[in-house]
Amino acid sequence: MTDDVRNILLGLVAAGISAALGWLARTYLWQRGLRRKQSFFGLPGNSESLLVVNREAGRDGSVHRFDVFALLELSALIKDCGANAQIVWHDIAQQGFGERTEFCVGGPVSNRRMAAHLYSLLPGVRINTDPEPGPDQGAFQIGTERYRMEPGVAEYVLLARLTAGQDARPVFLFCGQRAITNQAATRYLARHHGKLARKHGGASFCLLLKIVNSQAYGPDVVELVADVTRAAQTPVTERSSPGDQDDPANEETPKGRSGLRRRQRQ
């Protein structure tokens, strides 16, 4: 064997080893990223999850098109984790939380389960559900701060990851002032879940996002206003003002049911 042939063979062997090491490194990094993603969403391979959706006002059995887009964003995340999803209506999802990861989309008026989650898990949040037009219609009250909506110009949405215990699966809430803000929140989660996982780990959090000029930019321009976890989880001691979100238990009374029918759906 000549020196030239030996050098060629050594070069081929070195290239093969380098390629194998590169493939192994990429595979390891991909698997580590996948495990982190699965841990953040509480979605190990072949696990089950819930997509809880609302119904569009005045159309039985239909979902607002922006909420459909939100479901598509979430479905892609679930598929990337190797998990499965079941879509259920908000008014028939009568089960606890923690056994399966849940993604709940919609405001408390059009999504009864969202109202229950806010009351139980985020008692510091109050949402004005008064159907009468006015500057506070749809406004968020978080602690002592009030966030009013300017339709198409400046709108707000809550993005929350909440857990009931260390081993419980998380509940993700996308609670916006309009349907387009729900889609904006799901898109924000899809783009920034890695950063959120590094910052919060497995802990609960609640973020307030602002959607800027949705009439021109749709759900794409989103600003992080603040991490409102502490204020949102601190119970409000004062009685809620007229039009603010009520205790979901009141919906079982005749007065509560009639009040719910009068509310403006999202």
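The shown structure was predicted, so the numbers you read here are calculated from the model rather than taken from an experiment.

A. Molecular detail of the side chain of Thr 186. Of note, Thr 186 is situated in helix α4 (residues 179-200). Sequence-distant contacts of Thr 186, defined by excluding residues within four places in its chain, comprise Ala 70, Glu 73, Leu 74 and Phe 174.

B. Representation of the sheet that holds strand β3 (residues 101-105). In spatial order, the strands read β2-β1-β3-β8-β7-β9-β10; together these 7 strands make up an open sheet with mixed pairing. Because the sheet does not close on itself, it has two edges, and the strands there are β2 (84-89) and β10 (222-227). Sheet twist, expressed as the mean angle between neighbouring strand axes with direction ignored, is 20 degrees.

C. Spotlight on the side chain of Thr 229. By the element assignment, Thr 229 lies in helix α6 (residues 229-233). A polar atom in the side chain of Thr 229 sits 2.5 Å from the side chain of Asp 227.

D. View of a positive patch on the surface. On the surface, Arg 32, Arg 35, Arg 36, Lys 195, Arg 198 and Lys 199 cluster together into a positively charged patch. Tracing the chain through its elements places Lys 195 in helix α4. Classification of Lys 195 by relative accessible area gives exposed; the value is 57%.

E. Quick look at the nonpolar core. Judged by nonpolar contacts, the single largest core of 27 residues is most densely connected at Phe 41, Phe 103, Phe 174 and Leu 189. Looking at this core, the elements that each hand over two or more residues are α1 (3-41), β1 (48-53), α2 (65-80), β3, β7 (154-162), β8 (171-176), α4 and β9 (205-212). Sequence-distant contacts of Phe 41, defined by excluding residues within four places in its chain, comprise Leu 77, Cys 81, Thr 101, Phe 103, Pro 170, Phe 172, Leu 189 and His 193. With 24 residues, the next largest nonpolar core counts Val 52, Val 88, Val 125 and Cys 206 among its residues.

F. Examining the packing of aromatic side chains more closely. In total, this model carries 8 aromatic pairs according to the counting rule given. Taking 6.4 Å as the distance between ring centres and 45 degrees as the angle between the ring planes, the aromatic pair formed by Phe 41 and Phe 103 counts as tilted. In this pair, Phe 41 sits in helix α1 while Phe 103 sits in strand β3, placing the two residues 62 residues apart along the sequence. Of the two residues, Phe 41 and Phe 103, both sit in the buried class. Relative to Phe 69, the ring of Phe 66 has its centre 6.1 Å away and its plane inclined at 75 degrees; by these criteria the two rings are edge-to-face. Linking Phe 66 with Phe 69, this pair stays in helix α2, spanning 3 residues, or about one helical turn. Residue Phe 66 is classed as buried on the basis of its relative accessible area, which comes to 17%. One aromatic cluster is present, formed by Phe 40, Phe 41, Phe 103, Phe 172 and Phe 205 through successive ring pairs.

G. Structural context of the pattern of salt bridges. In this structure the tally under the stated criterion is 7 salt bridges. Among the ionic pairs, Asp 220 bridges to Arg 187, the shortest N-O distance being 2.4 Å. Of this pair, Asp 220 sits in the loop between α5 (214-217) and β10 while Arg 187 sits in helix α4, placing them 33 residues apart in sequence. Using a relative accessible area of 37% as the deciding quantity, one classes Asp 220 as partly exposed.

Reading the values: rules and limits
Residues numbered from 1 in each chain as written. Predicted model: local features only at pLDDT ≥ 70, side-chain atom pairs only at ≥ 80, totals over all residues. Heavy atoms only, no water. Helix = DSSP H or I, 4+ residues; strand = E, 2+ residues; numbered from the N terminus. Contact = heavy atoms within 4.5 Å. Pairing = 2+ DSSP bridges. Axes fitted to C-alpha atoms, helices over the stretch in contact; angles between N-to-C directions. Polar contact = N/O pair within 3.5 Å; in protein donor to acceptor, adjacent residues only side chain to side chain. Patch = residues over 30% accessible without salt bridge, like charges linked within 9 Å, V, L, I, M, F, W, Y side chains within 5 Å. Areas by Shrake-Rupley, 256 points an atom, 1.4 Å probe, with all protein chains shown as cover. Salt bridge = Lys/Arg side-chain N within 4 Å of Asp/Glu carboxyl O. Lys, Arg positive; Asp, Glu negative; His and termini not counted. Charge placed at Lys NZ, Arg CZ, Asp CG, Glu CD. Buried < 20%, exposed > 50% of the residue type's maximum accessible area, 1.4 Å probe, protein only. Core = buried A, V, L, I, M, F, W, Y, C linked by side-chain atoms within 4.5 Å. Phe/Tyr/Trp six-rings, centres within 6.5 Å; stacked < 30°, edge-to-face > 60°.

In short, shape yes, function no, at least from these values alone.
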